[in-house]
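The lines below spell out each chain.
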Amino acid sequence: MSIAIDTATPPSAPLDEKAAAAEARYAQATQLQLTWWRFRKHKLALVSLVVIVLFYAVAIFADFLATTDPHATDARRSFIPPQGIHFFDENGFNPHVYGLRGVRNPRTFQLAYSPDPSRKLPVRMFVRGYTYNLLGIFETNIHLFGVEGARAGESMFLLGTDQLGRDLYSRILVATRISLFIGLAGVVLSLFLGVLLGGVSGLYGGWVDLVIQRIIEVLRSVPTIPLWMGLAAALPRTWNVIQVYFAITIIISLIGWTDLARVVRGRFLALREEDFVVAAELSGASQGRIIFRHMLPSFTSHIIAATSLALPAMIISETSLSFLGLGLRPPAVSWGILLQDAQNIQVLSGAPWLLVPAIPVTMVILAFNFLGDGLRDAADPYG
Amino acid sequence: MVIYLLRRLGLALITCVFISIFTFVIIRLPPGDFVDAYIANLAASGSSVSAEQAEAMRREYGLDRPVVVQYGIWMGRVLKGDFGVSMVWRRPVTEVIGDRLWLTMAVSVSALFLTWMIALPIGIYSAMRQYSIGDYIFTTLGFIGLAIPNFLLALILMYLGFRYLGLNVGGLFSAEYAQAPWSLARVWDLTKHLPLPAAVLAMAGTAQLIRIMRANLLDELRKPYVVTARAKGLTEMRAVLKYPVRAALNPFASSLAYLFPYLVSGSIIVSLVLGLPTVGPLLLQALVAQDMFLAGAIVLLLGVMTVIGTLISDMLLMWIDPRIRLEGR
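Since the model is a prediction, treat every value here as computed from it, not as a measurement. (Residues numbered from 1 in each chain as written. Chains lettered and ligands numbered in written order. Predicted model: local features only at pLDDT ≥ 70, side-chain atom pairs only at ≥ 80, totals over all residues.)

### Observations concerning the UniProt feature "transmembrane region" (unreviewed entry) in chain B
Working step 1: Mapped onto this numbering, the UniProt entry gives "transmembrane region" (unreviewed entry) at residues 9-27, 101-124, 136-162, 194-213, 256-280 and 292-320 of chain B.
Working step 2: The distance from the first to the last C-alpha atom of residues 101-124 of chain B is 35 Å, and the span holds 100% helix and 0% strand. (UniProt positions renumbered as here; feature names shortened; annotations may be inferred. Helix = DSSP H or I, 4+ residues; strand = E, 2+ residues; numbered from the N terminus.)

What follows is the structure, encoded as C-alpha cells:
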C-alpha cells in the first residue's frame with residue numbers, strides 16, 4: 001500500500017538521509033514488522049484491537065469489576081429497573097444510589113423492593129463485597145467499586161435485575177468470560193483442524209485433496225443451525241457445566257474449520273511453486289523443515305487474519321445455541337443465556353433492560369470483523 | 001457443461017447421503033433406544049407397555065440388528081416417505097410437519113430474493129460513487145448488519161413494534177387465517193406477513209453481498225475496456241451497466257450456493273423469536289422432548305431441501321456465466 005512509496009524512490013534520487021534510513025529500515029524489517037506497519041495505518045482496526053483487548057481484560061477481571069454476586073438470587077428484588085448513580089447531593093460530591101424499600105403488593109401481598117429516594121447508599125472505590133477468586137488464585141472480596149452500608153439484599157443495580165433478582169450488570173461482566181473464551185477455544189480447535197487438513201490437502205494434492213475438498217463442500221452446503229441443535233440436544237442431561245462447555249466448543253468448531261482449511265490450502269498451493277521452497281528442497285531440507293521453517297512463517301499473518309474473522313462466527317454460534325436453550329446450561333452465564341430471558345415479549349416490554357446484553361455481543365462481533373479486515377489487508381503484501 | 005452438471009449432481013447426492021447418516025446419528029444419540037423413550041413417554045401419560053410389546057416394537061424397527069442394517073431399514077422407510085411416528089404428537093411425522101416445511105422454504109426464498117434486490121443496486125451505487133457519503137453510510141450499515149445476529153435483530157424489532165406501535169409483529173398469518181385451509185386470501189395474507197421475517201433474515205447476507213458486489217465492480221471498472229467505452233462517449237450508466245456489472249455479477253451468483261444454507265439455518269432461529277409457523281419451533285420442541293423421529297425428519301428434510309436449492313442456484317450460475325457453461329467442452 002503506502003509503504004511501497006518509500007521503496008519507489010529510485011536509488012539515483014538525491015540522497016536524503018531520512019529517506020535512506022527509512023529504506024534501510026524497510027529492507028531489514030521482518031515480515032511481522034511489515035505487517036504491523038501496514039496494520040497501523042488502518043485506524044478502525046487499531047481501535048477495534050483496543051476494544052477487544054479491553055473486553056478480554058473485563059473477562060479476566062470480571063469479578064473484580066462486578067458489584068453484586070452474579071448468582072445471588074432474591075425473589076423480592078426481581079425486575080428492578082436500572083439504578084443510576086447520583087454523583088452530587090446537597091453536600092457536594094457524594095456518589096450514591098438509592099436504597100431499597102420493601103413494599104407489599106396490595107393485590108398479591110407479596111413483598112417487593114423498589115428504590116427508596118430517602119435512603120442513600122454511598123458508592124465507594126475498592127469496597128468489600130462478595131468473595132471470589134482473582135485469576136483463580138487469590139481469594140479476595142475487594143471490588144473496584146460498590147456500595148457501603150447496604151442491608152441484606154441491597155446493592156447497586158446499574159443495569160437493573162432479572163426475574164430472579166440477579167444483578168444484570170455483574171452477570172454481563174461474568175458472561176463476557178464464557179462467551180469470549182468459548183469463542184477462543186472453538187477457534188483454536190478449528191485452527192488445528194483447518195491447518196492440519198488444509199495443509200495436508202494443499203501439500204499432497206491428488207485424491208487426498210479431492211476428498212478433503214469434497215468434505216468441505218458438503219459441510220458448507222448443510223444448514224448449520226439444525227445440525228448444531230441436533231447435536232447439542234443430544235448431550236446427556238447428566239453432564240456437568242464443564243463437560244457441556246467443551247462439547248459445545250467441539251460442536252461449533254465442527255463447521256468452523258472449513259474456512260481456515262481453505263485459506264491454508266490456498267497458501268500452500270501458492271507457496272509450493274515458489275523459488276525459495278524449491279531452493280530449500282534442492283539443498284536437501286527435510287519436508288518438516290520446509291513446512292515449519294520456510295512455508296509456515298510466510299503465511300502466519302494470513303492465518304491470524306482468518307482466525308480473527310472466524311472468532312465472531314464462533315461467538316454468534318454459542319450465543320444462538322444458548323439463546324435456544326440448547327447451549328450452555330445454568331448456572332453457567334453467557335450472553336446467550338442472558339438473552340434467553342429476553343425471549344418473551346411480555347417480559348421484555350416490562351423489563352426492556354434485559355436486552356442490554358445485545359450491546360456487548362454486537363460490539364465484540366463488530367470489533368472482530370474490523371480487526372480481521374485490517375489484518376487481512378495488512379497481511380497481503382500486494383494490498 | 002454436462003460434466004459440470006454431473007459433478008454438481010454427484011456432489012448433491014453425496015451431500016444427501018452425508019446428511020442422512022448425520023440424521024441417523026442424531027436419532028440414535030440419546031441414551032437408550034427410542035423404544036425406551038417411547039415407553040417412558042407412555043408411562044408418563046399413565047399407560048404401560050408389556051415387555052413382549054416392547055420386544056415386538058424393537059423387532060419391527062430392527063433395533064436388535066447391527067447399526068448398519070438399522071440405517072438401511074430406516075433409509076428404506078424414509079425413501080418410501082415413511083418418517084416414523086412422532087412420540088409427542090402420536091401422529092405420523094409427515095402429518096405433524098404438514099405445510100410447515102413449505103413455509104420455511106417460502107421465508108428462506110423470499111429472504112434470498114430480498115437480498116438480491118437490495119444488494120445489487122446498492123453494490124453498484126457504492127462502486128460507482130466510491131468514498132462518497134452514500135458509500136460510507138452503506139458500508140457502515142452493512143458492517144452493522146453483519147455484526148447483529150439476526151435473532152437479536154428480530155428481538156429488537158419485536159420489542160419496538162410492541163412498545164411503540166402496539167402490535168405483534170410476529171407470525172406469518174393474521175389470526176383469522178392461521179388455521180384456515182389454503183385459499184387465495186390466505187396466500188395474500190401470507191404475502192403481507194412475509195416481508196418482515198424476510199428482511200430480518202436477509203440483513204447479514206445483504207451486507208455481505210454489497211461488499212462483494214462493490215469490490216468486484218471496482219475491479220472491473222478499472223479495466224481498460226471501461227475506459228474505452230467511456231472514451232467512445234457512452235453514457236456513464238450504459239458504460240457501467242452493459243459489461244462491467246455483468247462481469248461482476250458472476251461471483252455474486254456463486255456466493256448464492258453458500259447463502260442459501262445460511263438463510264435456511266437462520267430462518268430456524270428467527271422463526272422461534274418471531275413465532276413463525278415454520279419447522280423451526282417444531283424442531284426445538286422435538287429436540288427438547290427427545291422426539292427423535294420428528295427431529296430427525298426435520299433435519300433431513302431441511303438438509304435435502306437446501307441441497308436442492310443450492311443445485312438450482314448452481315444451474316442459475318451456469319446460465320449466467322458462459323465460462324462455466326463452456327467448461328469441459
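Don't stop here, the text continues.
### Remarks on the nonpolar core
Working step 1: Counting residues in each nonpolar core, the largest one holds 162 residues, and the members touching the most others are M229(A), L283(B) and I298(B).
Working step 2: For this core, the element with the most residues is helix α11 (residues 287-324) of chain A, which contributes 16 residues.
Working step 3: The contacts of I298(B), once residues within four sequence positions are left out, are P226(A), I97(B), V279(B), L282(B), L283(B) and A286(B). (Core = buried A, V, L, I, M, F, W, Y, C linked by C-beta atoms within 7 Å. Buried ≥ 20, exposed ≤ 12 C-beta atoms within 10 Å, placed from the backbone. Contact = placed C-beta atoms within 7 Å.)

### Some thoughts on the environment of G266(A)
Residue and element names in this part refer to chain A.
Working step 1: Of note, G266 is situated in helix α9 (residues 241-272).
Working step 2: You can call G266 partly exposed: it has 15 C-beta atoms within 10 Å.
Working step 3: In this structure, the C-alpha to C-alpha distance between G266 and G202, residues 64 residues apart in sequence, is 6.9 Å.

### Description of the domain arrangement of chain A
Working step 1: Along its sequence, chain A is organised into domain 1 (83-156) and domain 2 (171-379).
Working step 2: Centre-to-centre separation of domain 1 of chain A and domain 2 of chain A, based on C-alpha positions: 40 Å. (Domains from an automatic or database assignment.)

### Describing the domain arrangement of chain B
Residues and elements named next belong to chain B.
Working step 1: One can read the domain layout of chain B as domain 1 (1-97 + 285-329) and domain 2 (100-276).
Working step 2: Contacts between the two partners involve 13 residues from domain 1, matched on the other side by 12 residues from domain 2.
Working step 3: The element that contributes the greatest number of residues to the side of domain 1 that touches domain 2 is helix α16 (residues 292-320), accounting for 11 residues.
Working step 4: The class makeup of the residues in the side of domain 1 that touches domain 2 is 7 nonpolar, 4 polar and 2 charged. (Nonpolar A, V, L, I, M, F, W, Y, C, P; charged D, E, K, R; others polar.)

### So, the UniProt feature "domain: ABC transmembrane type-1" (unreviewed entry) in chain A
Working step 1: UniProt's entry tags residues 176-372 of chain A with the feature "domain: ABC transmembrane type-1" (unreviewed entry), counted in the numbering of this structure.
Working step 2: Between the end C-alpha atoms of residues 176-372 of chain A there is a gap of 20 Å, over a span that is 81% helix and 0% strand.

### Let's talk about the interface of chain B and chain A
Working step 1: If you look at the interface, chain B gives 44 residues, while chain A gives 35 residues.
Working step 2: Counting only elements with at least two residues in the side of chain B that touches chain A, the list comes to α1 (2-28), α7 (133-147), α8 (150-165), α14 (256-274), α15 (279-288) and α16 of chain B.
Working step 3: Sort the elements by how many residues they give to the side of chain B that touches chain A and α14(B) lands first, with 9 residues.
Working step 4: Looking at side-chain class alone, the side of chain B that touches chain A contains 38 nonpolar, 5 polar and 1 charged residues.

### Observations concerning the packing of helix α7 (residues 206-220) of chain A against α1(B)
Between two packed helices, what matters for the description is the angle formed by their axes and the separation of those axes.
Working step 1: The geometry of α7(A) relative to α1(B) is characterised by a closest axis approach of 10 Å and an angle of 70° between their N-to-C directions. Compared by their axis directions, α7(A) and α1(B) come out roughly perpendicular. Our pair here, α7(A) against α1(B), has a crossing hand that is right-handed. Every residue of α1(B) that contacts α7(A) at R214(A), E217(A) and V218(A) is listed here: L11(B), I14(B), T15(B) and F18(B). (Axes fitted to C-alpha atoms, helices over the stretch in contact; angles between N-to-C directions. Parallel < 35°, antiparallel > 145°, perpendicular 65-115°, else oblique. Left-handed = near helix turned anticlockwise from the far one by under 90°.)

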